[in-house]
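# Fold and contact review
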There are 2 protein chains.
Amino acid sequence: VTRTVISSASRHVLIGDDLPFVIIGERINPTGRKLLAEEMKAGDFSRVERDTLAQIEAGAQMLDVNAGIPLADEPAILAKTVQLVQSLTDLPLSIDSSIVEALEAGLAVYQGKALVNSVTGEDDRLERVLPLVKKYGAAVVAISNDETGISEDPDVRFSVAKRIVERAADHGIPREDVIVDPLLMPIGAMPTAGRQVFRILGRLRDELGVNSTCGASNVSFGLPNREGINGAFLTMAIASGLTSAITNPIAEGVRHAVMAADVLMGNDRDAARWIRQFRVAPPDGAAGGRRPNRRRGNGAGTGAAAIP
Amino acid sequence: VTRTVISSASRHVLIGDDLPFVIIGERINPTGRKLLAEEMKAGDFSRVERDTLAQIEAGAQMLDVNAGIPLADEPAILAKTVQLVQSLTDLPLSIDSSIVEALEAGLAVYQGKALVNSVTGEDDRLERVLPLVKKYGAAVVAISNDETGISEDPDVRFSVAKRIVERAADHGIPREDVIVDPLLMPIGAMPTAGRQVFRILGRLRDELGVNSTCGASNVSFGLPNREGINGAFLTMAIASGLTSAITNPIAEGVRHAVMAADVLMGNDRDAARWIRQFRVAPPDGAAGGRRPNRRRGNGAGTGAAAIP
């Protein structure tokens, strides 16, 4: 079993097929959030603080940090955001940018072993990002597209992922430090998007032996009841092999779906976390849904006795 | 693609990996329902009528009919129940008994092509049930256990299923008329139960090319928020290859999870049914959740325009 370790100065998270699913909170990201973008550019990080605390409260195990603001000094803003978030929480972070200089600025100030989000399969990207990942002892998200674009053939996307894993190895980055993102399209625009990703995930787990992640909210773009689609997608992807996702932990339906998937994969031992969440609370979980730290800090299965 | 046809006198249902998932309503079953058992034994079928109508209303595409009452004349009661249910609805039925004489009595009065539920892999069961299935031109649920019991090895269970499919072929029953039940155990008692079933389902689809079904409610036995576990299980099983389930259609969370899975498998064309259900109704679906016949009768994608 492949286990990926991501850490802050004082805490680590393990990602693996035999472990509870890891939710990487997606909220610290100004893309498509005009107000947040303007505030961050102007040096106002109050909303970043609130997003950080809300995602911790909702039970995120890691946080993604992105500072992609047009016409701004992204390296400086990303470094500042990383430092701010690390002053607020000991959750490990994913440092998210398409600009290599911003990734480096974030890595330079990061305390611990970060997840670099991301590298794609183009040669020039690989040759710029992988040395950085190695230099800072980080792990990296590998997105399965390359010069030829995003193939609709899941086996082509798998082979792109395989090539990135091999190139990472050439740079001294072990397989367990490459987390593959199979690239999820909106299902409303591409009805085969789900089956493609489920197939790639199965091959990543069974043949390539790597962990995986996914920008999960994308799948429901343009549809009503997005939370219903997102939750079902995640459970289906987990059954297929997905071991982490970059998504919104504040959506309760999604969080409960992931918790159920952990039970059904045998990764919530004795269903202890599920029982703790639901044995007193009503089915919608309102009373029990807001104690992520207690859930994490209290791992021994107090609820096991409720199983007949 | 393998498609199974089940029919009543005037209507048919198709089961297949490229089609919307089929829910077979499980409620007409006195097992564990003492009051219903007593009523049916005494000739009072008013509760059967109510269960029939409620399941149709909730959107079941087929209904399972079971009359397993200790010390009662099960063949006579099952035949009577089948006739009653067929007088109330044109949904195709699954005729459910462990007593061969009861299966035959039900088949003798059934109008259409029934689903026989079930045959297991023991030689004497196969030699008694398969000729009946052939005689009445029915389809059959094949449960993947045999003389040696229920193996915990999914590959052994797969090979039992394969043997039943071969024996059915010897009796002139084609592969598409055998629907395999991989046997789902409660996850609270057996943490590997989910992964076992997901693996068998994948092999049934990819290697054996048969449809599958599952008594889905069993998985959550003994756990709180059973609907949350059941819904997640079904979506994960659908991603793995499950094409139908015998379950409770009245549980709204389960029904919505299955609808989302249909979207994600590309089997709800243009997400038309999903959009129709949720574009006006609130996220809990309260306003739109009770019009199964309209949903079925109104297949063309009126909602497709809502996709950007």
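This section reports on the structure supplied with the text. (Residues numbered from 1 in each chain as written. Chains lettered and ligands numbered in written order. Predicted model: local features only at pLDDT ≥ 70, side-chain atom pairs only at ≥ 80, totals over all residues. Heavy atoms only, no water.)

## Observations concerning the overall build of chain A
To keep it simple, the criterion reads: Helix and strand labels come from DSSP, where a helix needs a run of H or I of at least four residues and a strand needs a run of E of at least two; each type is numbered from the N terminus. Radius of gyration means the value over C-alpha atoms here, while the globule rule gives 2.2 Å times the residue count to the 0.38 power. Classification of residues uses two cut-offs on accessible area relative to the type maximum, computed with a 1.4 Å probe and protein chains only: under 20% is buried, over 50% is exposed, and between them is partly exposed. Pairs of residues are marked as contacts when any of their non-hydrogen atoms sit within 4.5 Å. Surface accessibility follows the Shrake-Rupley procedure with a 1.4 Å probe radius. Residue values consider only the protein chains on display as shielding.
For chain A, the count of helices and strands is eleven helices and ten strands. Over its C-alpha atoms chain A spans a radius of gyration of 19 Å, differing by no more than 12% from the 19 Å that the globule rule assigns to 308 residues. In terms of overall dimensions, chain A has C-alpha extents of about 55 × 45 × 40 Å along its principal axes. Burial status across chain A gives 60% buried among its 308 residues. Contacts in chain A between residues far apart in sequence, at least 24 positions, make up 69% of those at least 6 positions apart. Put simply, chain A shows about 11,600 Å² of open surface, and 52% of that area lies on carbon and sulfur atoms.

## Describing the sheet that holds strand β5 (residues 93-96) of chain A
All names here are of chain A. Rules: Two strands are counted as paired when DSSP detects at least two bridges linking them. Fitted lines through C-alpha atoms serve as axes, helices being fitted only where they are in contact, and the angles separating the N-to-C directions of these axes extend from 0 to 180 degrees.
Spatially, β9-β8-β7-β6-β5-β4-β3-β10 is the arrangement adopted by the eight strands of the open sheet, whose pairing is parallel. Unpaired on one side and paired on the other, β9 (211-212) and β10 (244-247) mark the two borders of the sheet. Across two bridges, the pairing between strand β8 (residues 178-181) and β9 is parallel. Bridge pairing in β9 links valine 180 to serine 212. Packed on one face of the sheet, helix α6 (residues 154-170) meets β6 (115-120), β7 (139-143) and β8 and runs near 160° to β8.

## Quick look at the sheet that holds strand β4 (residues 62-66) of chain B
All names here are of chain B. The parallel open sheet is built from eight strands, whose spatial order is β9-β8-β7-β6-β5-β4-β3-β10. The two strands at the open ends of the sheet, each matched to only one other strand, are β9 (211-212) and β10 (244-247). As defined by bridge partners, β4 adjoins strand β5 (residues 93-96) across four bridges and the pair is classed as parallel. Bridge pairing in β5 places aspartate 64 opposite serine 94.

## Comments concerning unusual backbone geometry
Residues and elements named next belong to chain A. Cis rather than trans, the peptide bond between asparagine 117 and serine 118 has omega equal to 15°. Tracing the sequence through the fold places serine 118 in strand β6. For leucine 71, which is not glycine, the phi dihedral falls at a positive 60°. Looking at the element boundaries, leucine 71 is found in the loop between β4 (62-66) and α3 (74-88).

## As for the relation of the copies chain A and chain B
The criterion, for reference: C-alpha atoms of residues with pLDDT of at least 70 in both copies form the basis for the least-squares superposition of the copies.
When chain A is brought onto chain B, the operation consists of a screw motion whose angular component is 180° and whose axial shift is 0.0 Å, with 0.0 Å RMSD remaining. Between the two chains, the operation in question is that of a two-fold axis. When C-alpha positions in chain A are compared against the rotation axis, the closest is assigned to methionine 236 of chain A, at 2.2 Å. By residue overlap, the copies meet face to face through one surface: 100% of the interface positions of chain A are interface positions in chain B.

## Concerning the environment of isoleucine 200 of chain A
Residue and element names in this part refer to chain A. Structurally, isoleucine 200 can be placed in helix α7 (residues 193-208). Owing to a relative accessible area of 1%, isoleucine 200 belongs among the buried residues under this scheme. In sequence terms isoleucine 200 and leucine 130 are 70 residues apart; their C-alpha atoms lie 23 Å from each other. If we ignore the near neighbours within four places in the chain, the residues touching isoleucine 200 are Pro154, Arg157, Phe158 and Pro182.

## Points about the packing of aromatic side chains
Here is the rule we go by: For Phe, Tyr and Trp, rings pair up if their centres lie within 6.5 Å, where Trp contributes its six-membered ring, and each pair is then called stacked (planes under 30 degrees apart), edge-to-face (over 60) or tilted (otherwise).
Scanning the entire structure with this criterion turns up four aromatic pairs over all chains. Pairing phenylalanine 198 of chain A with phenylalanine 233 of chain A gives two aromatic rings, centres 5.9 Å apart and planes at 25°, and the pair type is stacked. One end of the pair, phenylalanine 198 of chain A, is in helix α7; the other, phenylalanine 233 of chain A, is in helix α8 (residues 226-240), and 35 residues separate them in sequence. Between the aromatic rings of tryptophan 274 of chain B and phenylalanine 278 of chain B, the centroid separation amounts to 4.4 Å while the plane-to-plane angle is 50°, which identifies the pairing as tilted. Linking tryptophan 274 of chain B with phenylalanine 278 of chain B, this pair stays in helix α10 (residues 272-278), spanning four residues, or about one helical turn.

## Notes on the interface of chain A and chain B
Condition: A simple way to read buried area is as the amount of 1.4 Å-probe accessible surface that goes missing from two parts once joined, with both sides added. When a carboxyl oxygen of Asp or Glu is within 4 Å of a side-chain nitrogen of Lys or Arg, the pair counts as a salt bridge. N or O atoms closer than or at 3.5 Å make up a polar contact, with two conditions inside protein: a donor-capable atom paired with an acceptor-capable one, and, for residues adjacent in sequence, both atoms drawn from side chains. Each residue is assigned to one of three groups, with Ala, Val, Leu, Ile, Met, Phe, Trp, Tyr, Cys and Pro labelled nonpolar, Asp, Glu, Lys and Arg labelled charged, and all others, Gly among them, labelled polar.
At the interface, 41 residues of chain A touch 41 residues of chain B. In total, about 3,100 Å² of surface goes out of reach between chain A and chain B, with carbon and sulfur atoms giving 71% of it. Contact with chain B buries surface across chain A, with Arg195, Met236 and Leu264 of chain A losing the most and accounting together for 24% of the total. Across the contact surface, chain A and chain B share two salt bridges. Remark: the boundary between chain A and chain B carries nine residue pairs in polar contact (both at pLDDT 80 or more). When residues of the side of chain A that touches chain B are traced back to their parent elements, those giving at least two are α7, α8, α9 (252-264) and α10 (272-278) of chain A. A per-element tally of the side of chain A that touches chain B places α8 of chain A first, with nine residues. A class-by-class count of the residues in the side of chain A that touches chain B yields 28 nonpolar, nine polar and four charged.

## Examining the environment of alanine 76 of chain B
Residues and elements named next belong to chain B. By the secondary structure assignment, alanine 76 is in helix α3 (residues 74-88). The partly exposed category is assigned to alanine 76, whose relative accessible area is 40%. Taking the C-alpha atoms as reference points, alanine 76 and glutamate 101, 25 residues apart in sequence, are found 9.4 Å from one another.

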